[in-house]
Amino acid sequence: MFSFSERLQKLPPYLFVELDRMKAEVQAKGVDVIDLGVGDPDLPTPSHIVEAAKKALDKPENHHYPSSAGMLSFRQAAANWMKNRFGVELDPQKEVVALIGSKEGIAHFPLAFVNPGDVVLVPTPAYPVYHIGTLFAGGETYYMPLLPENNFLPDLKSIPEDILSRAKILWLNYPNNPTAAVADKNFFAEVIAFAKEHNLIVAHDAAYTELFFDDYVPPSILEVEGAKEVAIEFHSLSKTYCMTGWRIAFAVGNETLVTGLTKVKNNVDSGAFQVVQEAAIAALTGDQQCVADFRNIFKKRRNVLVEGLKKLGFQVEAPKATFYVWARVPEGYTSADFAAKLLKEAGIVVTPGNGFGEPGEGFFRVALTVDEKRLEEAIKRISSLKF
């Protein structure tokens, strides 16, 4: 009787919805499932952040419509955090906007700058929302393969001129989901120069900059000279402070780009709940030891999983950042076949690499979102399988 719009009909099945369906089928059979699929931290939000929210909930002024751009106090806190963490100076009134989670901002951003027929340069494998936001805006996605031989960085020189002449936005995500690859300031400088040459907007999803290990510390693309002329960067509190369910983030950078995103938000949402913004202020301005503690926990989990997989003969490297491990499937398996085998025969959920895009075929992603004992149990179960 009713037909979905063409834009909905063009959407691929959302990867994690399908994973949840398959997981539920196995659980219904009574299997103890170890879920290493979705990147949702199992650790609780730090208590000082929760307490700030409790206090904010008692304030009647927080019970009304918030500003779509966010409370100035939240934007100031975000600007100060950027200054302290990256040395980046920002005007909180013009160069910062609050988001209802970075997914919301990433999905809405193309609506501000992409017209039907415009091209958006999207990495693959990647978080699906870069493409979905492009589709909703009527744009065309041109995929930039992230390949092992290029350290999972896009080869900008391989993009055809006829594509570049129609391109509006170049999406990046480092530290990267799903590959856990990292980028340095030299690469970001090349990107900024490339964007200026071809009149491109650079949109950088920086959700994982605070989950880093060993001697590596991720940079912001805005640290590069001239980046604010062409770039906007999306920061999320979800992974940094284990606040995935709170739905709070911010975008920073070029004033025009921030203004465009804010105009979209003015028309489609009424802003983030001010109670959540006050909790976020407590997170950004409070003691950052909790973040260091989280890093230490994820590092220990990383070591357990990577060492365990290596002992079983898997091709895998310890990531320098994110809480993901990107590993090759055993010889003779596709990504989907291997993920299905783990779920059906071992009760383990992992994400098949091809679910993030065609170049992810041959890999699987593991999220370090269970404790070390469960990871050890997962390795034990995998060791019992025949490949």
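As the structure is a computational prediction, the values presented were derived from the model and not from experiment.

Enquirer: Please clarify how the side chain of Thr 124 should be interpreted in this entry.
Expert: Along the chain, the position of Thr 124 falls in strand E3 (residues 119-124). In this structure Thr 124 comes out as buried when scored by relative accessible area, which is 5%. When sequence neighbours within four positions are dropped, the list of residues in contact with Thr 124 reads Tyr 143, Met 144, Pro 145, Leu 146, Phe 356, Gly 357, Glu 358 and Pro 359.

Enquirer: Looking at this structure, I do not really get the sheet that holds E3. What am I missing?
Expert: In sheet architecture, strand pairing relies on hydrogen bonds along the backbone and comes in two forms, parallel and antiparallel. The mixed open sheet is built from seven strands, whose spatial order is E2-E8-E7-E6-E5-E3-E4. With partners counted over all chains shown, the strands left at the sheet margins are strand E2 (96-99) and strand E4 (140-145), one partner each. Going across the sheet, the axis of each strand differs from the next one's by a mean of 20°, ignoring polarity. The pairing of E3 with strand E5 (residues 167-172) spans three bridges and is classified as parallel. Its bridge partner being in E5, Val 120 is matched across the sheet by Ile 169.

Enquirer: I'm lost on unusual backbone geometry in this one. Help?
Expert: Negative phi is the rule for most residues except glycine; trans is the rule for most peptide bonds. Residue Pro 175 is bonded to the preceding Tyr 174 through a cis peptide linkage, with omega at -5°. With respect to the helices and strands, Pro 175 occurs in the loop between E5 and helix H8 (185-198). Backbone torsion omega between Asn 177 and Pro 178 reads 20°, so that peptide bond is classified as cis. Looking at the secondary structure, you find Pro 178 in the loop between E5 and H8. Phi angles above zero are rare outside glycine, and Ala 180 is one such case at about 65°. Look at Ala 180 and you get buried, because its relative accessible area is 8%.

Enquirer: I tried to follow the domain arrangement of the chain on my own but got confused; where do I start?
Expert: For interface size, the figure often reported is the accessible area lost on association. If you check the domain split of the chain, you get domain 1 (6-44 + 289-384) and domain 2 (47-287). A C-alpha centroid distance of 25 Å is found between domain 1 and domain 2. Contacts between the two partners involve 35 residues from domain 1 and, on the opposite side, 38 residues from domain 2. Counting each side, the surface lost to burial between domain 1 and domain 2 is near 3100 Å², with a carbon and sulfur contribution of 70%. The partner of Asp 214 in a salt bridge is Lys 299, and the shortest N-O contact between them spans 3.3 Å. At eight residues, the largest contribution of residues to the side of domain 1 that touches domain 2 is made by helix H12 (residues 289-311). The residue makeup of the side of domain 1 that touches domain 2, split by class, is 19 nonpolar, six polar and ten charged.

Enquirer: Mind showing me how you'd approach the environment of Ile 281 here?
Expert: The topology assignment puts Ile 281 in helix H11 (residues 274-285). Of the residues examined, Ile 281 reaches a relative accessible area of 18% and is grouped as buried. Counting along the chain gives 32 residues from Ile 281 to Gly 313, while the straight-line C-alpha distance between them is 45 Å. For Ile 281, the residues in contact, after removing those within four places along its chain, are Ser 73, Phe 74, Ala 77 and Gly 286.

Enquirer: Any chance you could explain the UniProt feature "domain: Aminotransferase class I/classII large" (unreviewed entry) in the chain here in plain terms?
Expert: Per the UniProt annotation, the sites labelled "domain: Aminotransferase class I/classII large" (unreviewed entry) are residues 32-382. In the segment residues 32-382, helix accounts for 40% and strand for 15%; the C-alpha atoms at its two ends are 14 Å apart.

Enquirer: Can you walk me through empty space enclosed by the protein in this structure?
Expert: If a probe the size of a water molecule is rolled over the atoms, the empty space left behind becomes visible. Scanning all chains against the criterion turns up two cavities of 30 Å³ or more. Quantified by volume, the largest cavity comes out at close to 60 Å³. Together, Trp 81, Ala 206, Ala 207, Thr 209, Glu 210, His 235, Ser 236, Leu 237, Thr 240, Tyr 241, Phe 250 and Leu 284 line the largest cavity. Only strand E7 (231-236) and helix H9 (237-240) provide two or more residues apiece to the lining of the largest cavity. Its residues assigned to classes, the lining of the largest cavity shows seven nonpolar, four polar and one charged. Roughly 40 Å³ of internal volume is contained in the second largest cavity. Surrounding the second largest cavity, Leu 36, Leu 305, Leu 309, Ile 348, Val 350, Phe 364, Val 366, Ala 378 and Ile 382 form its lining.

Conventions we followed
Residues numbered from 1 in each chain as written. Predicted model: local features only at pLDDT ≥ 70, side-chain atom pairs only at ≥ 80, totals over all residues. Heavy atoms only, no water. Helix = DSSP H or I, 4+ residues; strand = E, 2+ residues; numbered from the N terminus. Buried < 20%, exposed > 50% of the residue type's maximum accessible area, 1.4 Å probe, protein only. Contact = heavy atoms within 4.5 Å. Pairing = 2+ DSSP bridges. Axes fitted to C-alpha atoms, helices over the stretch in contact; angles between N-to-C directions. Domains from an automatic or database assignment. Buried area = accessible area lost by both parts, 1.4 Å probe. Salt bridge = Lys/Arg side-chain N within 4 Å of Asp/Glu carboxyl O. Nonpolar A, V, L, I, M, F, W, Y, C, P; charged D, E, K, R; others polar. UniProt positions renumbered as here; feature names shortened; annotations may be inferred. 1 Å grid on protein atoms, 1.4 Å probe; cavity = no way out; pocket = protein on both sides within 12 Å on 5 of 7 lines; lining within 4 Å. Points joined across faces, edges and corners; volume = space filled by probe spheres on them.

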